[in-house]
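Each chain is listed here by its residues.
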Amino acid sequence: MGIDSEERVVRSNCRGCHGGCGVLVHVRDGVITKLEGDPDFPTNRGSMCSKGLAFKQLVYHPDRLKHPVKRAGKRGEGKWERITWDEALDTIASKLQQVIRDHGAESIALGQGTSREGESFLARFANLTGTPNIFAAGHFCYLSRVGASLITCGNLPLADYDGNPKCVMVWASNIMWTNPDEYTGENLARVLAQGAKLIVVDPRLTYQASRADIWLKLRPGTDAALALGMANVIISEKLYDKEFVHKHVHGWDEFVERVRQYSLEKVEEITWVPAEQIREAARLFAQTKPATIQWGVPIEQGINCIDADRLLIDLVAITGNLDVPGGAALFRPPKGQTISQFTHHRDLAPEQKAKYLGGEKYKLAAMIGLVPEKMVWDAIFTGKPYPVKAIMIHGSNPVVTRANAREAYRALSQVDFLEVGDFFLTPTAELADIVLPVSTWLEADYTGGFFFRHGYLFPRRKIVQIGECKSDFEIFNELGRRMGQEQWGATYLEDLDSIVEPSGRKWADVRDLPYLRGEVEYRKYERNGFSTPTRKFELYCTTFEKWGYDPLPQYREVPESPVSKPEVAKEYPYILMAGQRTPVFFHSEHRMIPWLRELHPDPIAEIHPQVAKEHGIEDGDWIYIESPRGRIKHRAWVTPTIDPRLVAIQHGWWFPEQKDPGHGWDQSSSNILTDNDPETYDVSMGASNLRVMLCKVYPVAEEEVS
Ligand SMILES: Nc1nc2c(c(=O)[nH]1)N[C@H]1C(S)=C(S)[C@@H](COP(=O)(O)OP(=O)(O)OC[C@H]3O[C@@H](n4cnc5c(=O)[nH]c(N)nc54)[C@H](O)[C@@H]3O)O[C@H]1N2
Ligand SMILES: Nc1nc2c(c(=O)[nH]1)N[C@H]1C(S)=C(S)[C@@H](COP(=O)(O)OP(=O)(O)OC[C@H]3O[C@@H](n4cnc5c(=O)[nH]c(N)nc54)[C@H](O)[C@@H]3O)O[C@H]1N2
Ligand code: SF4
Ligand SMILES: [Mo]
């Protein structure tokens, strides 16, 4: 004990966000003392972000839920009673079985948020239970990209930084702060330091935009139009890869015809980007080889979601940068079970698949196994097309993170039975009947990154045990077995065995390896074609044709903009960008972590000095941001880096330090301002508009500042 005790260093990989950074975990006397970057790890090469460095404060946080609890008072009253795991799991299992008996398995919905490691086990549990209804964040984030890629070229293309791109088009991405999905910012920084050209497409002057060779400062939400304009230049100046187009593309002529409808004059008018700059960027992108696109989520959070995604893949493909070194590669996973095999997605009975909520309308979402959450809320409110009676949410805080947060709050307050698995009593967990305490990535074994498409698996070992916490893996395994599902292993470690089994190994054989990587091979399409109905890269999407959507990409005007709603714009004159991330928080998380909150105590709205002057706002003042649906408070950051026609706010705010059970969920959350109207959804994916709408701003009166 004390100063003589031994310090162990355990290699692991962080999952404080999506990033999967290699870390060295220092442990003394069974307690984690420090996390630092692993210089030998391929994804981060020693770098770590503030969230990862502060993660031990999350693990040992005094407010962490350490045992299961059940509701003691009324819904949302904040009164809890400690229960055993047996009581918790028995209660959940018998409730779910009762719903299956009375209404059918489809009346159970499983909820998750953005990618967490537990998602594979959650999906497996849903499929084995027989419900098609999984709601997540995927329809407006990432899985939309996966879906768009599946129907276009069979797999998700990823920027191949290891192949050293000579030009990177950073499109709606703040990767240095966000390390999203398969990516870490470290890789972009490295190729830029090696001299790669940089094009940035972003309405705000970000760090990257300030260093770009070309910065395209577009009107928020108009990305699809800009991409069509760039395609127009590439086609009319014959800058495309003729051989690729000739041999591997389906629907070239139709695509060319569609693109011709987007003249640069028209695109300039829609996007605010001068025609000459569009031309210059298209030339730089098409003429520098290899080139890649680093895309980000804002293009997906609204009505143009899938077409914007498709267009970015199209730009990569027609310039000959698909599946080539330094372009956008189609990686293969290491040998093992596929996600679809593991989750038993294919085993969900056809009659159950036919019951996807919203599946008739949002066919792409149903194809990848997702339900827009609004369909679940409506089924709770109306019982149509059938009632949803029980919800299990693991790894999400919809009361803060989904469009029209008030509606989400109402739905989750009304559903018959709600179980939430989380680290803390979030505003969503506070509405539950039972809350389960979940382990973090430092507290369980797992094949990290299993859901991602970068071709890696990051084995991770359990290092500490906190209270009675259990991992999502263990919870779904135990619950599944209680429900009589025979496919689960005797412990969840046997389920991990099954993931690696096709490689002839067991979990124990790989758990101490730093990572596993699939074989990297480029230009696979030359041998096999693409995994699409035509075996070609589909500029003209035959799947969409079959489903009755426009097979070619188009631009749809943002549903609430000065163009589409000039009357509303008279009262709400600014375009609101509702979703800035900060480097120190992940969505609604981390506001309770001292090191991180100290760096960023309050929600911040970016407004231009001209706007500030007009409304009598000083830098640092509390202001209201109001949309036609409600108002919230942020502190003003008066900055010339934002256009005077725009206001940018952050996303994910609640206040764990406020002790009432709502924890201020409706005070500063961007989703008090958003709508969740299906009229504004992407047609095939059901992506809701989280980002672009109209607003006004004004100071908070002194007496209202709390
Ligand atoms: N207006 C607006 N809304 C947005 C966005 C925006 O830009 N603007 N962004 C959207 C996007 S892209 C996304 S992906 C969503 C994210 O939406 P969510 O995924 O709902 O966001 P989080 O706040 O990360 O919620 C995750 C919760 O799970 C808990 N958690 C973390 N890890 C685990 C785990 O391993 N297991 C379990 N059981 N729990 C865990 C955390 O404590 C937290 O409470 O938000 C969306 N909402
Ligand atoms: N620290 C931290 N990291 C995160 C998250 C977090 O909350 N915090 N969230 C995670 C999740 S789930 C996601 S999806 C990713 C998101 O991370 P990214 O994909 O990087 O997306 P954002 O940071 O939301 O926005 C990126 C940039 O797009 C710009 N932008 C906004 N609207 C538009 C638009 O209409 N068009 C264009 N071209 N640009 C626009 C913004 O100004 C911003 O600079 O980050 C992940 N990583
Ligand atoms: S970027 Fe994500 S994975 Fe990497 S250190 Fe930060 S929190 Fe951890
Ligand atoms: Mo996301």
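The notes below deal with the structure included here. Model, not experiment: these values are computed from the prediction.

Observations regarding the packing of aromatic side chains
Step number 1: The tally for this structure, following the rule as stated, stands at 32 aromatic pairs.
Step number 2: Residues Tyr161 and Tyr183 carry aromatic rings whose centres are separated by 6.2 Å and whose planes lie at 80° to one another, so their mutual orientation is edge-to-face. One end of the pair, Tyr161, is in the loop between β8 (158-159) and β9 (167-171); the other, Tyr183, is in the loop between α6 (175-178) and α7 (185-193), and 22 residues separate them in sequence. Of the two residues, Tyr161 and Tyr183, neither departs from the other in class, the shared state being buried.
Step number 3: Taking 4.6 Å as the distance between ring centres and 55° as the angle between the ring planes, the aromatic pair formed by Tyr240 and Trp252 counts as tilted. Note that Tyr240 is positioned in the loop between α9 (223-236) and α10 (242-248) and Trp252 in helix α11 (residues 252-260), a separation of twelve residues in sequence.

Describing the pairing of strand β25 (residues 630-638)
Step number 1: Direction of pairing for strand β23 (residues 604-607) relative to β25: parallel, over a ladder of four bridges. Residue pairing in the sheet places Ile607 in a bridge with Val638 of β25.
Step number 2: Here strand β24 (residues 622-627) runs beside β25; their pairing, made up of six bridges, is antiparallel. Within β25, the position partnered with Ser627 by the bridge is Gly630.
Step number 3: Where β24 folds back onto β25 in an antiparallel hairpin, the turn is made up of two residues.

Concerning the sheet that holds strand β18 (residues 446-448)
Step number 1: Taken together, the three strands give an open sheet; going across it, the order is β18-β19-β20, and neighbouring strands pair in antiparallel fashion. Every interior strand has two partners, whereas the edge strands, β18 and β20 (516-517), have only one.
Step number 2: In this structure, strand β19 (residues 456-460) lies alongside β20, joined through two bridges in antiparallel fashion. When the sheet's bridge partners are listed, Leu457 is paired in β20 with Leu516.

Examining the nonpolar core
Step number 1: The biggest cluster of nonpolar side chains holds 237 residues, and the ones touching the most others in it are Trp171, Leu315 and Ile391.
Step number 2: Here Leu315 is in contact with Met169, Trp171, Ala227, Met230, Ala231, Ile234, Phe285 and Ile293, once residues within four sequence places are set aside.

So, the sheet that holds strand β17 (residues 434-437)
Step number 1: Read across the open sheet, the seven strands follow the order β5-β4-β17-β16-β15-β6-β7; overall the sheet is mixed. Whereas interior strands pair on both sides, the edge strands pair on one side only; in this sheet they are β5 (80-82) and β7 (134-135).
Step number 2: Examined bridge by bridge, strand β6 (residues 108-111) and β7 share two bridges and lie parallel to one another. By the bridge assignment for β7, Leu110 is matched with Ile134.
Step number 3: Packing of helix α3 (residues 85-103) onto the sheet brings it into contact with β4 (69-71), β6, β15 (390-394), β16 (417-422) and β17, and relative to β17 it is tilted by some 130°.

Analysis parameters
- Residues numbered from 1 in each chain as written.
- Chains lettered and ligands numbered in written order.
- Predicted model: local features only at pLDDT ≥ 70, side-chain atom pairs only at ≥ 80, totals over all residues.
- Heavy atoms only, no water.
- Phe/Tyr/Trp six-rings, centres within 6.5 Å; stacked < 30°, edge-to-face > 60°.
- Helix = DSSP H or I, 4+ residues; strand = E, 2+ residues; numbered from the N terminus.
- Buried < 20%, exposed > 50% of the residue type's maximum accessible area, 1.4 Å probe, protein only.
- Pairing = 2+ DSSP bridges.
- Core = buried A, V, L, I, M, F, W, Y, C linked by side-chain atoms within 4.5 Å.
- Contact = heavy atoms within 4.5 Å.
- Axes fitted to C-alpha atoms, helices over the stretch in contact; angles between N-to-C directions.

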